[in-house]
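Results of the structural survey
Residue-level listing of the chains:
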Amino acid sequence: MAPQLLSSRTFKSLFDSVDTFLFDCDGVIWKGETLIDGVSQTIDLIRSKGKNVVFVTNNSVKSRRQYAEKFRSLGLSSVTQDEIFSSSFAAAMYLKFNNFPKDKKVYVIGGEGVLEELQIAGFTGLGGPEDGEKKAQWKSNCLFEHDKSVICVGLDPNINYYKLQYGTLCVRENPGCLFIATNRDAVGHMTDLQEWPGAGCMVAAMCGSTEREPIVVGKPSSFMMDFLLQKFGTDSSRMCMVGDRLDTDILFGQNAGCKTLLVLTGVTSESDLLEKGNKIEPDYYTRTVSDITKLMDSPSK
Amino acid sequence: MLMSRSVASAVSQVSSSTSSLLPNSKQLFSFKTLSGYRSSSFCGGSIRKVNHKPLQMTSSSMTPRAMASKQLENADQLIDSIETFIFDCDGVIWKGDKLIEGVPETLDMLRAKGKRLVFVTNNSTKSRKQYGKKFETLGLNVNEEEIFASSFAAAAYLQSINFPKDKKVYVIGEEGILKELELAGFQYLGGPDDGKKQIELKPGFLMEHEHDVGAVVVGFDRYFNYYKIQYGTLCIRENPGCLFIATNRDAVTHLTDAQEWAGGGSMVGALVGSTQREPLVVGKPSTFMMDYLADKFGIQKSQICMVGDRLDTDILFGQNGGCKTLLVLSGVTSISMLESPDNKIQPDFYTSKISDFLSPKAATV
């Protein structure tokens with residue numbers, strides 16, 4: 001069925017059939033450091049009607065704690081850390097659930113968020129932002145040392161050759177080294193005015209040199225969904241995934257059997273959605289999250 | 001699904017050879033006549049997209065290989081049947097900055113026999129002129145005109161399509177590319193200097209890019225950073241008709257003799273990841289450089305032998321080009337990799353290093 005533009009009639013049936021709303025963040029709640037209009041009131045309204053609200057973001061630069069702070073700084077102080085599921089958290093949980101030995105180390109190509117989540121889960125993470133300052137030395141007979149058993153790759157605006165080389169050697173030369181990706185989003189709204197290369201870029205760089213494919217923990221992989229379903233003990237058919245990206249958010253929701261709602265405030269335009277080549281169709285779409293507030297108040301026809 | 005490998009670009013796939021027999025085949029053949037080999041379906045000067053990973057060898061127009069690679073036992077016989085030897089450099093002539101044993105004598109011997117020598121390298125860090133100096137420093141008698149680096153290939157490709165001189169080229173790569181573009185008369189931006197540029201992702205920050213950039217050339221780049229990735233991405237996504245050209249997609253390279261280093265495949269992979277487009281590849285195994293030099297020197301491809309250390313670039317390049325292929329084990333490929341059941345690329349011959357040419361009969365591998 002073709003995606004339906006959310007109307008007061010369709011909204012009511014959607015809202016009544018759902019107990020939990022899952023929201024993506026970049027392009028849905030905020031753009032860079034700027035809150036999207038009307039989001040705060042909408043979240044409060046949804047909560048006031050007795051629904052649960054959860055935030056699922058592929059952006060691994062921050063930890064859950066740091067995201068909670070961001071929500072607070074943008075005026076959404078009702079959002080707690082426990083309601084936030086970032087791919088940085090997912091990476092740490094993946095290692096935990098697979099009983100990854102605590103004495104083995106993780107090399108991180110990404111932001112502080114991953115390092116912090118690894119630490120909270122009891123793992124040793126190295127690398128991260130400070131390796132952005134390092135330069136590889138290519139001298140004759142000089143060996144580049146590397147001894148990590150996992151490399152975890154996510155969005156890294158401080159990417160450089162040193163990190164690519166370090167990660168490449170770990171994967172190619174340490175037997176059994178795991179190659180984990182937080183996510184593979186091609187681009188994202190890292191700032192409000194423009195799209196920027198996403199983790200998909202850094203991950204593809206590593207695939208290019210290691211000739212291996214990673215284990216992806218973020219959307220649309222079902223890992224975070226399985227985690228959420230277990231945690232909340234709820235049925236996926238009573239959930240609605242709200243996102244701006246077809247190949248991560250909407251696919252994530254569809255794969256788990258959730259209802260899906262696309263918003264047009266992020267990377268996807270209406271023409272992207274409706275073009276012939278597009279194979280991923282959300283149940284509904286609307287311009288922005290605050291349309292929920294408008295539709296809630298208007299009488300259904 | 002957008003998350004998986006990007007959809008094919010308009011450029012046709014590299015038809016690569018397929019070995020239908022596993023390398024451990026025990027068939028014994030007498031010295032092969034290679035004229036029955038699959039010929040390249042390419043015409044001169046065109047660029048092939050490489051489906052780089054995994055080593056997918058899909059070929060509808062080529063007959064599958066019938067023969068496993070043979071250890072070179074009669075070097076003289078091979079040498080006599082060949083007019084031009086194309087040599088890869090890293091892992092064949094040198095490793096890092098160290099010459100491989102026996103190379104000068106081997107090259108001298110081949111020249112004395114009247115053979116044409118050509119050097120084709122995917123390494124885009126230097127220009128032909130700079131490679132000429134490297135050969136000289138190592139005591140080898142090689143002319144700049146005999147060297148074809150992927151940096152040169154990028155400039156030659158742009159010339160071959162009459163890329164307008166009023167358009168600019170954004171370079172994610174090192175000096176070699178810049179020098180070759182300059183020699184060919186093209187305007188460029190970027191290169192190593194952009195390695196110093198920092199980004200601060202804050203509200204209201206917008207990266208501008210020049211709208212008259214008509215091509216982005218990506219190659220091996222030790223000064224790779226987010227600024228360059230974004231600049232290249234913006235040009236490719238927003239400048240209508242902007243070309244995305246890759247010098248090569250080698251996963252690893254021998255920067256030093258002790259270890260392998262992440263190669264151009266990494267930088268190109270990054271741009272594929274952010275643009276979700278596949279590039280035009282000018283370096284091996286694309287046959288652009290083969291077609292170019294066959295045309296330039298007026299050589300028949302059946303009279304050429306490609307000598308290299310890497311199966312998925314050098315040997316595939318030779319096979320795609322329709323010439324004989326000799327793998328040397330002095331570089332990245334070991335005998336076990338050649339003979340592994342996962343390996344689908346079978347060179348005609350293999351030997352330990354090129355100086356085995358000096359001992360006309362069997363050399364020990």
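Residues numbered from 1 in each chain as written. Chains lettered and ligands numbered in written order. Predicted model: local features only at pLDDT ≥ 70, side-chain atom pairs only at ≥ 80, totals over all residues. Heavy atoms only, no water.

This brings us to the confidence of the model for chain B. Parts of the prediction with low pLDDT should not have their coordinates interpreted in detail. Residue and element names in this part refer to chain B. With 80% of its residues at a pLDDT of 70 or more, chain B has an overall mean of 83. In this model residues 1-63 is a low-confidence stretch, pLDDT under 50, and it forms 142 contacts with partners more than four residues away in sequence or in other chains. Scoring the predicted complex yields pTM 0.85 and, for the interface, ipTM 0.91. (pLDDT = per-residue confidence, 0-100. Contact = heavy atoms within 4.5 Å.)

Going through the model one piece at a time under the given rule, you end up with 34 salt bridges over all chains. Note that Asp 156 of chain A and Lys 163 of chain A form a salt bridge whose closest N and O atoms lie 2.7 Å from each other. Lys 163 of chain A shares its class with Asp 156 of chain A; the two are buried. Of the charged contacts in the structure, one is a salt bridge between Asp 76 of chain B and Lys 113 of chain B, with a shortest N-O distance of 3.5 Å. Here Asp 76 of chain B, found in helix 1 (residues 75-81), pairs with Lys 113 of chain B, found in the loop between helix 2 (103-112) and strand 5 (116-121); they are 37 residues apart in sequence, far enough to count as distant. By relative accessible area, which is 27% here, Asp 76 of chain B ends up partly exposed. A relative accessible area of 39% means that Lys 113 of chain B is categorised as partly exposed. When salt bridges that share partners are traced, they join Asp 24, Lys 219 and Asp 249 of chain A into one network. (Salt bridge = Lys/Arg side-chain N within 4 Å of Asp/Glu carboxyl O. Buried < 20%, exposed > 50% of the residue type's maximum accessible area, 1.4 Å probe, protein only. Helix = DSSP H or I, 4+ residues; strand = E, 2+ residues; numbered from the N terminus.)

Okay, the sheet that holds strand 13 (residues 280-281) of chain B next. Residues and elements named next belong to chain B. Read across the sheet, 5 strands follow the order 8-7-9-10-13 without closing on themselves; strand pairing throughout is parallel. Of all strands in the sheet, those bounded by a partner on one side alone are strand 8 (187-190) and strand 13. For strand 9 (residues 213-218) and strand 10 (residues 243-246), the ladder comprises 4 bridges, and the chain directions are parallel. In the strand pairing of strand 10, Val 216 is matched with Phe 244. Along the sheet face, helix 4 (residues 150-160) touches strand 7 (168-172), strand 9, strand 10 and strand 13 and points at about 145 degrees away from the line of strand 10. Taken strand by strand, helix 5 (residues 175-183) contacts strand 7, strand 8 and strand 9, and its axis lies near 165 degrees from that of strand 7. (Pairing = 2+ DSSP bridges. Axes fitted to C-alpha atoms, helices over the stretch in contact; angles between N-to-C directions.)

Attention shifts here to the packing of aromatic side chains. All chains considered together, the criterion is met by 36 aromatic pairs over all chains. Where Tyr 161 of chain A meets Trp 261 of chain B, the ring centres are 6.3 Å apart and the plane angle is 10 degrees; that geometry is what we call stacked. Placement of Tyr 161 of chain A in helix 6 (residues 161-173) and of Trp 261 of chain B in strand 12 (residues 261-262) is noted, with the two residues assigned to different chains. As far as the burial class goes, Tyr 161 of chain A and Trp 261 of chain B line up, both buried. Plain terms: the ring middles of Phe 148 of chain B and Phe 297 of chain B are 6.2 Å apart, the flat faces sit at 90 degrees to each other, and that makes the pair edge-to-face. You can see Phe 148 of chain B sitting in strand 6 (residues 147-149) and its partner Phe 297 of chain B sitting in helix 8 (residues 288-297), a full 149 residues away along the chain. On the basis of relative accessible area, Phe 148 of chain B is assigned to the buried category, the value being 1%. Members of the aromatic cluster, joined through ring pairs, are Phe 11, Phe 15, Phe 21, Phe 23, Trp 30, Phe 55, Tyr 67 and Phe 71 of chain A. Between Lys 51 of chain A and the ring centre of Phe 15 of chain A, over which it is positioned, the NZ or CZ distance is 5.0 Å. (Phe/Tyr/Trp six-rings, centres within 6.5 Å; stacked < 30°, edge-to-face > 60°. Lys NZ or Arg CZ within 6 Å of the ring centre and 35° of its normal.)

Looking now at the packing of helix 4 (residues 87-97) of chain A against helix 5 (residues 112-120) of chain A. Residues and elements named next belong to chain A. Their axes nearest at 8 Å, the elements helix 4 and helix 5 cross at an angle of 35 degrees. Where helix 4 crosses over helix 5, the handedness of that crossing is right-handed. Side by side, helix 4 and helix 5 meet where Ser 88, Phe 89, Ala 92 and Leu 95 of the first sit next to Gly 113, Val 114, Glu 117 and Leu 118 of the second. When grouped by side-chain class, the residues that make up the contact of helix 4 with helix 5 number 5 nonpolar, 2 polar and 1 charged. (Left-handed = near helix turned anticlockwise from the far one by under 90°. Nonpolar A, V, L, I, M, F, W, Y, C, P; charged D, E, K, R; others polar.)

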